[in-house]
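Analysis of the macromolecular model
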2 protein chains.
Amino acid sequence: MPTSPVWGSRSKTRRMVLDLIRAAGTISRVELATSSGLTPPTISDVVRDLILEGLVVEAGRGASTGGKPPTLLRLNPAARYSVGVLLERNACVIVVIDLTGRQVGRTSFHGTAQMPPEQALPFLADRVTALLDTAGVARDRVLGIGLVSHGPQDRPAGRLLTPQPTGTWYGYPVGPRLAEILGVPVLLDNDAAAAAIGEYWLGAVDPRSTYGCLYMSTGIGGGVVVAGEVYRGSSSNSVEIGHISVDVHGDECPCGNRGCLENYAGPAVVVRQALAIPALAGRLALDPDGTDFLTGFTRIAAAANGGDTQARHLIDQSARYLGHAAVTITALFDLDTIVLAGPSFAVAGPIYRTRLQQEVNRRSFARRAHPVRVVLSVSGSDAAAIGGAVLVLQSELAGNRPTEPRGTVASRATISR
Amino acid sequence: MPTSPVWGSRSKTRRMVLDLIRAAGTISRVELATSSGLTPPTISDVVRDLILEGLVVEAGRGASTGGKPPTLLRLNPAARYSVGVLLERNACVIVVIDLTGRQVGRTSFHGTAQMPPEQALPFLADRVTALLDTAGVARDRVLGIGLVSHGPQDRPAGRLLTPQPTGTWYGYPVGPRLAEILGVPVLLDNDAAAAAIGEYWLGAVDPRSTYGCLYMSTGIGGGVVVAGEVYRGSSSNSVEIGHISVDVHGDECPCGNRGCLENYAGPAVVVRQALAIPALAGRLALDPDGTDFLTGFTRIAAAANGGDTQARHLIDQSARYLGHAAVTITALFDLDTIVLAGPSFAVAGPIYRTRLQQEVNRRSFARRAHPVRVVLSVSGSDAAAIGGAVLVLQSELAGNRPTEPRGTVASRATISR
C-alpha cells in the first residue's frame, strides 16, 4: 500500500477541491474553504494550479455578503474528456464524457466479445477513435479509458480472471493491450463498481451516503460506495452479489459456489422459465436458441409492465430473490440507499424497486436505526459505461502520483499505460 | 460527518504515529518518518507532544547506521489504561488493558443482564471500580470504558435497539448512564466489531489486510476491518452476519428476516438439536430447561473434539452453515483473512476452522485472485471485551477533537461523557 509523502497529501486535497467544484456547479473560494475545512491559503494555492492547468475557470461574481462580491469558480467542461467502455457477453457500449460528467458521445454494437481478444481489442480501439472524432474530442484531452466488465479480475495487471466472454479472454492482458493500441491509459474495473460510483458523480445520491448498487445486465453484480469512494476489499473483487448463495441446498454454479442469486433471479433464468411456458414464449416470440438473454428478458419485462399475468409472475419471482439478497447486503454493509442500475432494470425497474423496498422495510436489520431507500439509477442502461469513464476522471484528476492515506476505502485506480 | 480543520488533521497524524510505535515495540524517529511518509520535522513535533503527555518514552539507543546511534521510542504502558466491558445475555466480562494492549485485570460474572438497567449499571460500575483497585490502576489514568454488546444499537446515543437482554434494556441510554455513574467516558459499540479490531491491535493480522471476524458467543456477529479501521456503514450496524439468510424458504426470525444463519448454526440451535437426541443429552448431562446455551454448547463441542460421533455431527452441521455464510461475506467484502473469535470458537474452533477453510478454498469468488486464510483469534473467549478496551484506546489517543478526513471507512467512535 502506498504511503503519502505528506499525510493528507496534495493529491487528496486536489481531488476534494475538484469534487466540491463539480458538485456545486459554481462556487467561490470562501465557500470552498468552508465546505472543505481547508485554510483559505491552501484553497488559493490549489485553485491557482487548477486554473493554470485549464481545469477550472472563473465564472463571474456571486452575491455579495457585505463586501466585494466573490469570484465564482466552475469546471471547464472541455478541458479534459474520459471514455467509458463496457465489455459484455453480447454487447459493447462506449461513451465519452466531459470533465463535468456530461455525455458527449455514445455508441454500442454487438459481437466484440465473441472474437478472440487479439482481434476484438483493435476493433474496439477503432470504434473509440471513431467516436472521439465524431464528438470532436482531441486525443490529447482524453485522460484515459475506463474498461469495465464483470469479475473476477486481476485489476493491477488489467486481466480478466474468468473464461467469459469466451475462454480466450481468460488471463489476457486486456488493459495493457488496449492502452498500447490507443496510446492512452486504460483502467480495468468492475462494471457494477463503476455503475455505483457513477451515481455519486452524477449527483444522484447524498455525498455522505453509504449506498449499494445492484447492477443487472445479463448477470448480477454489486458495488458499495462509502462517502464517495468505492469499497474495494483486498483485490477489488468485492460485492459480488450475483454469486452469493440464496439457498444452501441449491445447485452448484460454475463460479464454485452453490445456490447463487444469479441462477434464481438473473435474466437468463427468467427467459428459461418463460420458454417453459409455451403460451407465453409464443406470445412474446422468444427465441428458444437465443443467447442474447437481454432481448428476451426485455420482452418479458415489458409484458409484465403491461399486465401479462404469466410474465408478471416470473418478474415477481426474480424480484423476490433479489429482495432477499438486498436484505443480506444491507445487513452486512449497513446501507442507507440501494440503487438499481443496468439494462435489466431499465425496463422492469419499477416492479423490482417496489418489491425491494417492501423487503428492506420489513426485514433490514438496522431498520430501527434508520430507513433504507431503494431508487432507480439516473444513468439507466449505460450506468456501467458512464461509471467507467467517471472512474478515470476520479483517478486521473487527483494528480499523477497515486498517494492515498492509509485507511481510506478505495485503493487508487490501477492504470495500464 | 465532521470535516477536519486542516485536511489530514493532527489527530489522524497522531493516531498513525502512536499506532506505528505500538506495532513496532521500539522505533526511532527516522524509522517513524520512513514508515509514515511524514516529514522529519512533523515527526519531531508529534513525538515531542507525546513525550510531554507521558504517552511515549525514550528507550535507549538503536543500532548505528553510520552516524550517532538513533534514540529509540516506545509506548509507556502505564501512562493510560482502558476498560472493556462485554455485556451478554448470560455473562458479563470486564478487562483492563494498558496502553500497549496488555491485559492487567479481568473479571467475569453472571446475572447482570437479567436485572433492569437501573439496577445493573450501578452493579457493573462497582465491579469496574473494584477491578481497577485490584489492578492498582489510578482512576485519572483511565481513558474510558468500551461497553460492547450485540446490535442493533444507536451508537451516538449509547442505546441498545433490541429488547435483549430483556425488554427493559430497549432504548435505555446505557452509555450515558454508565458514564455518569463512573465519571469516565463510555463508548457503546458492537461486540463483533470490537473483537475484529482487537485482532489488529494485538498484531494478529497483517496491518494491510482486509479481514473479517466471525464472532460466536450465544449469538453470531461479524466485523470487517480495512487497513486497521472498522468498516462502519451508515450507522455502525454493519456486518450482522448472524442475521443474513442462508435459506430463502426458512422460518421467520424475531429480527424480521427469514432463514437467519443464527437459527441454523448458533449454539442455541446446536443445544436444542442435542436435547432431541436423548442418549447424547443424557451422556453430556444437558439441562433441558437451561437458558445458558454456552455451557451446553461447550459440552457438545468438547465431546465432538473427543470423538463423540453424534456430537461431532451436530458441530459439523453448524460449521457447514457457517462456512456457507463465510463464503457470502468473502464474496461481498473480498476478504483475505477470516478470524474466528468468541467463546463458542474457544472450544470447537479447530473443527470450524478446518471446515470454513475448505469452503472458502472451494467456493470463494476471488480465489483465482488471492487465497483466503481462516484463523483462530489470539484473544480467545475475551476477544470482544479486549476489543472494547482497544476501541477506547484507538479513539481517545487520537486527540480530543473528533476530526476525520472524508472517505475514511470508520467514523470516529462516539463517546458518552
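Residues numbered from 1 in each chain as written. Chains lettered and ligands numbered in written order. Predicted model: local features only at pLDDT ≥ 70, side-chain atom pairs only at ≥ 80, totals over all residues. Heavy atoms only, no water.

Where an unreviewed UniProt entry is consulted, chain A appears under the name Putative NBD/HSP70 family sugar kinase, with the organism given as Actinoplanes xinjiangensis. Check the Sequence similarities (unreviewed entry) section of the UniProt entry for chain A; it says "Belongs to the ROK (NagC/XylR) family." (UniProt positions renumbered as here; feature names shortened; annotations may be inferred.)

1. Examining unusual backbone geometry
The step from A:G151 to A:P152 runs through a cis peptide bond, and the omega angle for that step is -5°. As for its placement among the helices and strands, A:P152 is situated in the loop between β7 (142–149) and β8 (153–154). Despite not being glycine, A:A285 has its phi angle at roughly 50°, a positive value. The residue A:A285 is located in the loop between α9 (278–283) and α10 (293–305) in this model. Here A:A285 falls in the exposed class, since its relative accessible area comes to 53%. Phi angles above zero are rare outside glycine, and B:D334 is one such case at about 50°. Take B:D334: it is sitting in the loop between α11 (309–333) and β14 (337–341). (Helix = DSSP H or I, 4+ residues; strand = E, 2+ residues; numbered from the N terminus. Buried < 20%, exposed > 50% of the residue type's maximum accessible area, 1.4 Å probe, protein only.)

2. A closer look at the domain arrangement of chain A
Split by domain assignment, chain A resolves into domain 1 (10–75), domain 2 (80–196 + 384–416) and domain 3 (205–377). Of note, the centres of domain 1 of chain A and domain 2 of chain A, computed from C-alpha atoms alone, are 30 Å apart. (Domains from an automatic or database assignment.)

3. Structural notes on the nonpolar core
Ranked by size, the top nonpolar core spans 110 residues in total, and within it A:F333 and B:F333 carry the most contacts. Leave out the neighbours within four places in its chain, and B:F333 touches A:Y231, A:G233, A:S234, A:S238, A:V239, A:L332, A:F333, B:T210, B:V224, B:Y231 and B:V239. (Core = buried A, V, L, I, M, F, W, Y, C linked by side-chain atoms within 4.5 Å. Contact = heavy atoms within 4.5 Å.)

4. Concerning the interface of chain B and chain A
It is common to give the size of an interface as the accessible area lost on bringing the parts into contact. Facing 74 residues of chain B, the contacting portion of chain A comprises 74 residues. Of the roughly 6,300 Å² buried between chain B and chain A, counting both surfaces, carbon and sulfur atoms make up 59%. Between chain B and chain A we count zero salt bridges in total. The interface formed by chain B and chain A holds 30 residue pairs in polar contact (both at pLDDT 80 or more) in total. Those elements that provide at least two residues to the side of chain B that touches chain A are α1 (10–24), α2 (29–36), β12 (220–226), α11 and α12 (343–363) of chain B. In terms of residue count, the dominant contributor to the side of chain B that touches chain A is α11(B) (eight residues). Among the residues making up the side of chain B that touches chain A, the classes are represented as 30 nonpolar, 28 polar and 16 charged. (Buried area = accessible area lost by both parts, 1.4 Å probe. Salt bridge = Lys/Arg side-chain N within 4 Å of Asp/Glu carboxyl O. Polar contact = N/O pair within 3.5 Å; in protein donor to acceptor, adjacent residues only side chain to side chain. Nonpolar A, V, L, I, M, F, W, Y, C, P; charged D, E, K, R; others polar.)

5. A few points about the packing of helix α10 (residues 293–305) of chain B against α11(B)
All names here are of chain B. One can describe the packing of α10 onto α11 by two numbers: an axis separation of 7 Å at closest approach and a directional angle of 110°. Regarding the angle of α10 to α11, the classification is roughly perpendicular. Crossing angle aside, the handedness with which α10 passes α11 is left-handed. Listed contacts from α11 to F297, I300, A301, A303 and A304 of α10 are A311, R312 and I315. The class makeup of the residues in the contact of α10 with α11 is seven nonpolar, no polar and one charged. (Axes fitted to C-alpha atoms, helices over the stretch in contact; angles between N-to-C directions. Parallel < 35°, antiparallel > 145°, perpendicular 65-115°, else oblique. Left-handed = near helix turned anticlockwise from the far one by under 90°.)

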